[in-house]
Amino acid sequence: MRWLTLPIGADQAGKTAETLLRRELGLSAAGVRRAKTGRILLDGVPVFTTAVARRGQVLAVDVGDPAGSDQIPPVPGPLDIRYEDEDLLIVDKAGGVPVHPSQGHHGDTLANFLMAHYRDQGLVAAFHPVNRLDRGTSGLMAVAKHAHAHEGLQAQLQAGELRRTYLAVCEGVPVPRRGRVEAPIARAPGSVLKREVNPQGAPARTHYEVLATGRGRALVRLTLDTGRTHQIRVHLAHLGCPLVGDFLYGAETEELPDRFALHSAAIRLRQPVTGVGVALEAGLPAELAALLG
């Protein structure tokens, strides 16, 4: 359970529980519906959303998940947790580790490892990834511990308030060495996975800067104004500089047998309940630095 509380003062008195949950505690309409089943209390007594609060009372709501992700079995595995509180955690995911179970990956994913972590904590929580990373991408990834936190973090992501910085090693050196790619992205015809630059696609904007070069490759820092599927991979390929090891938009390499050269290096967000800023960085993995010599 994750209880949020609100002391009722003069400004809140006379308003319904639903109004206070929406305006004061930031619950969405869906969040209010989830809480209706005995999870809203006034002075410790379950109430309906139509209940009117009086000054001096305390309104409380349980926003925790009532159940976990039953379809994801808990499997202990390596987890590099860089930040954790009651509402979210941020992990440094290794390259080559899938996020979700899929064909051929039923017990070796980040989701499995987190379900085991929650179980060991005695926490009931479903899997709520916020900024999803491809299997081949390493680095920082935020995961909410309940639906209310997930909604808040997703809203930050959509508004551009949850900021991510990536480091990539690409084949060739982008020209110019600093710039912006503004090219819409759509699903490639005949493929369920591949994307392409297409005038009919969704708007996509990527900022990039070359930080270093070596062996005919470039280390590039990238920030995103949008979050399209495979955005960095598609935009770098569009520049003629695909990611090293990218099997889909470039070429595989024995130097990176289980991944490609993309790393989520920094993340900045607001804690979804308290509003406090959280900022983390994760350095470039050694196997990516070695690609430049």
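Look up: the structure comes first, before these words.
To keep things clear, this report deals only with the structure shown in the data block. (Residues numbered from 1 in each chain as written. Predicted model: local features only at pLDDT ≥ 70, side-chain atom pairs only at ≥ 80, totals over all residues. Heavy atoms only, no water.)

### Comments concerning the environment of Met1
Tracing the chain through its elements places Met1 in the segment before strand E1 (3-7). Taking the C-alpha atoms as reference points, Met1 and Val124, separated by 123 residues in sequence, lie 7.7 Å from one another. (Helix = DSSP H or I, 4+ residues; strand = E, 2+ residues; numbered from the N terminus.)

### Points about the state of the cysteines
For the structure on display, the rule yields zero disulfides. Cysteine Cys170 shares no disulfide, and the gap to the nearest cysteine sulfur, in Cys241, comes to 4.7 Å. Overall, Cys170 belongs to the buried group, its relative accessible area being 0%. A relative accessible area of 4% places Cys241 in the buried class. (Disulfide = S-S within 2.5 Å. Buried < 20%, exposed > 50% of the residue type's maximum accessible area, 1.4 Å probe, protein only.)

### So, the nonpolar core
Counting residues in each nonpolar core, the largest one holds 31 residues, and the members touching the most others are Phe127 and Leu222. For this core, the secondary structure elements donating two or more residues are strand E6 (88-93), helix H3 (110-121), strand E8 (138-144), strand E9 (163-171), strand E13 (205-214), strand E14 (217-224) and helix H5 (231-238). If you tally residues by element for this core, the top one is H3, at five residues. Non-local contacts of Leu222, meaning those with residues more than four positions away in its chain, are made with Arg164, Thr165, Tyr166, Ala168, Thr206, His207, Tyr208, Ile232 and Leu236. Core analysis: the next-biggest nonpolar cluster, separate from the first, contains 17 residues, Leu6, Leu21, Leu42 and Ala53 among them. (Core = buried A, V, L, I, M, F, W, Y, C linked by side-chain atoms within 4.5 Å. Contact = heavy atoms within 4.5 Å.)

### Re the pattern of salt bridges
With the rule as written, the count across this model stands at 20 salt bridges. The salt bridge involving Asp92 is made with Arg82; its shortest N-O contact spans 3.9 Å. Of the two residues, Asp92 sits in strand E6 while Arg82 sits in strand E5 (residues 81-84), which places them ten residues apart along the sequence. In this structure Arg82 comes out as partly exposed when scored by relative accessible area, which is 34%. Of the charged contacts, one joins Asp120 and Arg119 as a salt bridge, the two residues approaching to 3.5 Å between their closest N and O atoms. For Asp120, a relative accessible area of 60% corresponds to the exposed category. Through salt bridges that share partners, Arg163, Arg180, Glu182, Arg205 and Asp225 make up one connected network. (Salt bridge = Lys/Arg side-chain N within 4 Å of Asp/Glu carboxyl O.)

### So, H3
With twelve residues, H3 should reach 16 Å at 1.5 Å per residue; the first-to-last C-alpha distance of 17 Å fits that figure. Burial runs high along H3: nine of the twelve residues are buried. Where H3 is concerned, the buried positions are Leu110, Ala111, Asn112, Phe113, Leu114, Met115, Ala116, His117 and Tyr118. Buried residues belonging to H3 abut E5, E6 and E8. After H3 finishes, the residue Gly122 shows a positive phi value of roughly 75°. (Expected span 1.5 Å × (residues − 1).)

### Points about a nonpolar patch on the surface
On the surface, a cluster of nonpolar side chains totalling about 320 Å² of accessible area is made up of Val192, Leu193 and Phe247. Relative to the assigned elements, Phe247 resides in the loop between H5 and strand E15 (262-270). (Patch = residues over 30% accessible without salt bridge, like charges linked within 9 Å, V, L, I, M, F, W, Y side chains within 5 Å. Areas by Shrake-Rupley, 256 points an atom, 1.4 Å probe, with all protein chains shown as cover.)

### A look at the pairing of E14
Burial analysis of E14 places six of its eight residues in the buried class, which makes it a mostly covered element. Where E9 meets E14, seven bridges bridge the pair, whose relative direction is antiparallel. By the bridge assignment, Glu171 is partnered in E14 with Arg217. With eight bridges joining them, E13 and E14 adopt antiparallel strand pairing. Looking at the pairing, Glu209 lines up with Arg221 of E14. Connecting E13 to the antiparallel partner E14 that follows it, the hairpin turn spans two residues, and Arg215 within it adopts a positive phi of roughly 55°. (Pairing = 2+ DSSP bridges.)

### Description of the sheet that holds strand E2 (residues 40-42)
Here we have four strands laid out as an open sheet, ordered E1-E4-E2-E3, and antiparallel in their pairing. Strands at the two margins of the open sheet, each flanked by one partner only, are E1 and strand E3 (45-46). Pairing analysis gives three bridges linking E2 to strand E4 (residues 58-62), with the strands arranged antiparallel. In the strand pairing of E4, Leu41 is matched with Ala60.

### Some points on helix H4 (residues 147-159)
With 13 residues, H4 should cover 18 Å at 1.5 Å per step; its first-to-last C-alpha distance of 18 Å lies within 8% of that length. Along H4, the residues classified as buried are Ala147, His148, Ala149, His150, Leu153, Gln156 and Leu157.

### Here we look at unusual backbone geometry
Cis geometry marks the peptide bond from Val175 to Pro176; its omega dihedral reads -5°. Within the secondary structure, Pro176 is located in the loop between E9 and strand E10 (178-182). One non-glycine residue, Arg215, adopts positive backbone phi at about 55°. Looking at the secondary structure, you find Arg215 in the loop between E13 and E14. Taking the relative accessible area as the measure of exposure, Arg215 reaches 51% and is therefore exposed.

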